[in-house]
Amino acid sequence: MWEYTDLVKEHFLNPRNVGEVEQADGTGDVGSLACGDALKLTIKVDDKGIITDAKFKTFGCASAIASSSALTEMVKGMSLDEASKITNEDIADYLGGLPKEKMHCSVMGREALEAAIADYRGLTLPMAEGEIVCECFGVTDLEIIRAINESNLRSVEEITNFTKAGGGCGKCEDKLREILQRTVEGKLEWIKPMEKPKKMTTLQKIKKIEDVLEREIRPGLRKDGGDIELIDVDGDFVSVSLRGACKSCAKSQTTIKEYVEKKLRELVLDTLIVEEN
Amino acid sequence: MELHNDAVIYMDNNATTRIAPEVLETMMPFLADYYGNPSSMHTFGGQVGHALAKARDQVANLIGAEPEEITFTSCGTESDSTAILSALQTYPEKRHIVTTRVEHPAVKNLCENLDRLTGHKHRVTRLKVDADGMLDLGEYEEALTDDTAIVSVMWANNETGVIFPVAEMAKMAKERGILFHTDAVQAVGKVPINLKDLEVDFLSLSGHKLHAPKGVGVLYVRRGTMFVPFLTGGHQEKGRRGGTENVASIIALGKACDLAAERMDDENTRVRALRDKLEEGLLAAVPRSMRNGHQTERLPNTSNISFEFVEGEAILLHMNRYNICASSGSACTSGSLEPSHVLRAMGVPFTAAHGSIRFSLSSYNTEAEIDFVLAKMPGIIESLRQMSPFWKGN
């Protein structure tokens, strides 16, 4: 059970400004169905640069819906310059606070607003251009660094609460810790490439596994009219799918365990467990 | 029966159940008056020991076991850990374990941490499930090897209610000389179990899933099975589980097992009919909704339904306004930001996994409650869909 303020509950049960503005001047689409929450914000802007109307459509939990409702109430009547100064903390404050695990809902509101304003101004947002750190939720290092600076984050848990990064398989935790350390110490330049972390992240595992599949394994399988596809990496569990002749081969289990798993353990990580999907 | 808005409509019995009034009555004297230690020499404590013995008989009766095969624990999770770690210590040279991708976290997370717990590297095979949540016995047979120490497969899934063919799987393991454990926490009391007819070596059950209190569980260990305790200490439970017994709760569990045996028919007829009415009613009334899990190979009390394009927590909180209690496999309710591993293993699309609601009934549910839920749910889903950017109408 999440502990919501009365204001969150009220905005969730009676959301304001649901829908889409007709002939919107700016649209912000953030999140996705896969991630579990998504927000489409549409705004109407007059010739003086004032937001005259704002509406939302949200797929998500109570705090995502309440944050969206609050956001639309906040921006109506604001100039674009004023609106672009709204932070996720402002949205959470408007609602009397959000549970810390749900702060990412307010971040989603802020991102949608930025996207809608950028859309109106015909700009592209720089945030999406960073390097993906959290594979599960597609969060970039730039987004993480920004959240750390803006919301004064001091732990990996807080980063997850605000950006969702690290909230899936959890395998990017070491990388998050490293980003946190550097950002807090002020040593990390925004665009400077990351140093190689000590432990392998999921992303690195995927890249390395793909590489070994391509160089070492596929050529052999293809000779027999088969193929292999990497489906998923969940911790040390590597999920693959055999294709072509391999798929119906009676020895497919042996192929996976004796050949694929052995090679991957030898060349990538000796703790990997290969499963057929 | 007339329904009031302040009456709780409890359809979350796979999470926990109410303590049956008869059970509460039976256990109370052991909290209030008979507080002796069953291990004591004096009559005051010794009589408590007799009450424990009776509870052991009652549990054994429900699952077709011998009293000496019953060990009381603190919960289902402890029973699961005890069984699996015992098997791995019994056969330290065997380094393989077979389980499924849809196990309860009690087994799933244990299997992910075996290396740390035992100090050895283990190979874990997690069997796949199909779209109905069913296993492929061919894959299972191939997975069994001479290196396999134990198979751990749940009897029934907590999220979907899907029942696995435990009898056949245990037999196949036995033929290969492999120990077999089943987490039957959701199955005990809902489907008949007779361990005398089965080749199961270990079985876990939990009190609070069958109208006994939280904090008591059972590990069944087949007579003659090698056993290494998880909690060592005093000589309680014949040395199989150290620690002073949770007397009142164990006695409650005994009574609850008697009640479960009496209500088994009701569970499989009346409760099943209520479940079916609820499920069919919802699927008919709400477009783009679907059942998760096999239609017939399933517990009689469980229905897991996905409502596409809406999110589970939001649904639950709207249901909460009407005092309807259920669960969801959505990310926001799991605390992990990802939807249920069970639904993902079944290949339920994300459009549906986030909007899954589990209704789990008990013999305390009534037809009036089902009618009430059927009246409220379509409106809840519709109002959330009107708000969803992915909803394009029917």
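Residues numbered from 1 in each chain as written. Chains lettered and ligands numbered in written order. Predicted model: local features only at pLDDT ≥ 70, side-chain atom pairs only at ≥ 80, totals over all residues. Heavy atoms only, no water.

As annotated in an unreviewed UniProt entry, chain B carries the name Cysteine desulfurase and is attributed to Desulfoprunum benzoelyticum. Turning to chain B, the UniProt record has this under Sequence similarities (unreviewed entry): "Belongs to the class-V pyridoxal-phosphate-dependent aminotransferase family. NifS/IscS subfamily." According to the UniProt record, the Subunit (unreviewed entry) comment for chain B is "Homodimer." (UniProt positions renumbered as here; feature names shortened; annotations may be inferred.)

Per an unreviewed UniProt entry, chain A is named Nitrogen fixation protein NifU, and its organism is Desulfoprunum benzoelyticum. Chain A has a UniProt comment under Function (unreviewed entry) that states "May be involved in the formation or repair of [Fe-S] clusters present in iron-sulfur proteins."

Draft legend 1. Quick look at the overall build of chain A. A tally of regular secondary structure across chain A gives 11 helices and eight strands. Along the first, second and third principal axes, the C-alpha atoms of chain A reach 65 × 45 × 40 Å. Across the 277 residues that make up chain A, the buried fraction comes to 51%. Of all intrachain contacts in chain A linking residues separated by at least 6 positions in sequence, the fraction that spans at least 24 positions is 56%. By element, 48% of the accessible surface of chain A is carried by carbon and sulfur atoms, the whole surface being about 12,900 Å². Here chain A contributes 39 positive and 51 negative side-chain charges, whose respective centroids are spaced 5 Å apart. (Helix = DSSP H or I, 4+ residues; strand = E, 2+ residues; numbered from the N terminus. Buried < 20%, exposed > 50% of the residue type's maximum accessible area, 1.4 Å probe, protein only. Contact = heavy atoms within 4.5 Å. Areas by Shrake-Rupley, 256 points an atom, 1.4 Å probe, with all protein chains shown as cover. Lys, Arg positive; Asp, Glu negative; His and termini not counted. Charge placed at Lys NZ, Arg CZ, Asp CG, Glu CD.)

Draft legend 2. Broad picture of the interface of chain A and chain B. The interface is formed by 45 residues belonging to chain A together with 30 residues belonging to chain B. Taking the shortest distance from any N to any O, the salt bridge between Lys-102 of chain A and Glu-313 of chain B comes out at 2.7 Å. Run the count over chain A and chain B and you get nine residue pairs in polar contact (both at pLDDT 80 or more). The set of elements that each furnish at least two residues to the side of chain A that touches chain B consists of α1 (6-13), β2 (37-45), β3 (51-59), α2 (62-75), β7 (237-244), α11 (252-267) and β8 (273-276) of chain A. For the side of chain A that touches chain B, a count of residues per class yields 21 nonpolar, 13 polar and 11 charged. (Salt bridge = Lys/Arg side-chain N within 4 Å of Asp/Glu carboxyl O. Polar contact = N/O pair within 3.5 Å; in protein donor to acceptor, adjacent residues only side chain to side chain. Nonpolar A, V, L, I, M, F, W, Y, C, P; charged D, E, K, R; others polar.)

Draft legend 3. Representation of the domain arrangement of chain A. Annotation of chain A at the domain level lists domain 1 (6-121), domain 2 (127-185) and domain 3 (202-276). Using C-alpha coordinates to define each centre, domain 1 of chain A is positioned 44 Å away from domain 3 of chain A. (Domains from an automatic or database assignment.)

Draft legend 4. Fine view of the UniProt feature "domain: NIF system FeS cluster assembly NifU C-terminal" (unreviewed entry) in chain A. In the numbering used here, UniProt assigns the feature "domain: NIF system FeS cluster assembly NifU C-terminal" (unreviewed entry) to residues 209-274 of chain A. The span residues 209-274 of chain A is 53% helix and 29% strand, and its two end C-alpha atoms sit 11 Å from each other.

Draft legend 5. Just a nonpolar patch on the surface, in detail. All names here are of chain B. A grouping of Leu-24, Met-28 and Leu-31 is seen on the molecular surface, where their side chains present a nonpolar patch of about 280 Å² in accessible area. When you line up the elements, Leu-24 lands in helix α1 (residues 21-32). Using a relative accessible area of 39% as the deciding quantity, one classes Leu-24 as partly exposed. (Patch = residues over 30% accessible without salt bridge, like charges linked within 9 Å, V, L, I, M, F, W, Y side chains within 5 Å.)

Draft legend 6. Quick look at the state of the cysteines. Enumeration according to the criterion identifies zero disulfides over all chains in this entry. Cys-172 of chain A forms no disulfide, and the closest cysteine sulfur to it belongs to Cys-134 of chain A, at a distance of 4.4 Å. Here Cys-257 of chain B stays free of any disulfide, with the sulfur of Cys-75 of chain B as its closest cysteine sulfur at 16 Å. For Cys-257 of chain B, a relative accessible area of 1% puts it in the buried group. (Disulfide = S-S within 2.5 Å.)

Draft legend 7. Spatial organisation of the packing of aromatic side chains. The full count for this structure, using the stated rule, is five aromatic pairs over all chains. Aromatic pair Phe-30 of chain B and Tyr-34 of chain B: ring centres 5.7 Å apart, planes at 50 degrees, arrangement tilted. By relative accessible area, which is 19% here, Phe-30 of chain B ends up buried. Ring geometry for Tyr-322 of chain B and Phe-372 of chain B: centres 6.2 Å apart, planes at 80 degrees, overall edge-to-face. Taken together, the residues span a long stretch of sequence, with Tyr-322 of chain B in the loop between α9 (312-321) and β11 (324-325) and Phe-372 of chain B in helix α13 (residues 367-387) at a distance of 50 residues. Taking relative accessible area as the criterion, Tyr-322 of chain B reaches 26% and is therefore assigned partly exposed. Relative accessible area serves as the criterion here: at 16%, Phe-372 of chain B is assigned to the buried category. Lying across the ring of Tyr-364 of chain B, Arg-18 of chain B places its NZ or CZ 4.5 Å from the centre. Positioned over the ring face of Phe-237 of chain A is Arg-126 of chain B, at 3.8 Å from the centre of the ring. (Phe/Tyr/Trp six-rings, centres within 6.5 Å; stacked < 30°, edge-to-face > 60°. Lys NZ or Arg CZ within 6 Å of the ring centre and 35° of its normal.)

Draft legend 8. Focus on the nonpolar core. Formed by 83 residues in total, the largest nonpolar core has its most connected members in Ile-144 of chain A together with Phe-307, Ile-315, Met-319, Phe-359 and Met-377 of chain B. The contacts of Met-377 of chain B, once residues within four sequence positions are left out, are Leu-282, Phe-307, Ile-315, Met-319 and Phe-359 of chain B. Counting 72 residues, the second largest nonpolar core, distinct from the first, contains Tyr-140, Val-162, Ile-193 and Ala-260 of chain B. (Core = buried A, V, L, I, M, F, W, Y, C linked by side-chain atoms within 4.5 Å.)

Draft legend 9. Region of the structure containing the domain arrangement of chain B. Residue and element names in this part refer to chain B. Here chain B is partitioned into domain 1 (9-18 + 264-387) and domain 2 (21-259). In this structure, domain 1 and domain 2 have C-alpha centres spaced 28 Å apart. With 28 residues of domain 1 at the interface, the matching set in domain 2 holds 33 residues. Contact with domain 2 buries area across many residues of domain 1, yet Met-264, Leu-299 and His-341 alone supply 24% of it, more than any other trio. For the pair domain 1 and domain 2, the interface holds zero salt bridges. Looking at which element gives the most residues to the side of domain 1 that touches domain 2, the answer is helix α11 (residues 341-345), with four residues. In terms of residue class, the side of domain 1 that touches domain 2 is built from nine nonpolar, 14 polar and five charged. (Buried area = accessible area lost by both parts, 1.4 Å probe.)

Draft legend 10. Fine view of the sheet that holds strand β9 (residues 289-291) of chain B. Residue and element names in this part refer to chain B. Taken together, four strands build an open sheet; the order of strands is β9-β10-β13-β12 and the sheet is antiparallel. Looking at strand neighbours, the two that pair on one side only are β9 and β12 (327-328), the edges of this open sheet. On top of the sheet, helix α8 (residues 247-285) reaches β9, β10 (302-307) and β13 (356-360); it is set at about 10 degrees to β10, its chief contact. (Pairing = 2+ DSSP bridges. Axes fitted to C-alpha atoms, helices over the stretch in contact; angles between N-to-C directions.)

Draft legend 11. Representation of the packing of α1 of chain A against α2 of chain A in the model. Residue and element names in this part refer to chain A. The contact between α1 and α2 brings their axes to 8 Å, and the two run at 85 degrees. The orientation of α1 with respect to α2, classified from their angle, is roughly perpendicular. Residue-level contacts link Val-8, His-11 and Phe-12 of α1 to Ala-62, Ser-63, Ile-65, Ala-66, Ser-69, Ala-70 and Glu-73 of α2. Grouping the constituent residues of the contact of α1 with α2 by class yields six nonpolar, three polar and one charged. (Parallel < 35°, antiparallel > 145°, perpendicular 65-115°, else oblique.)

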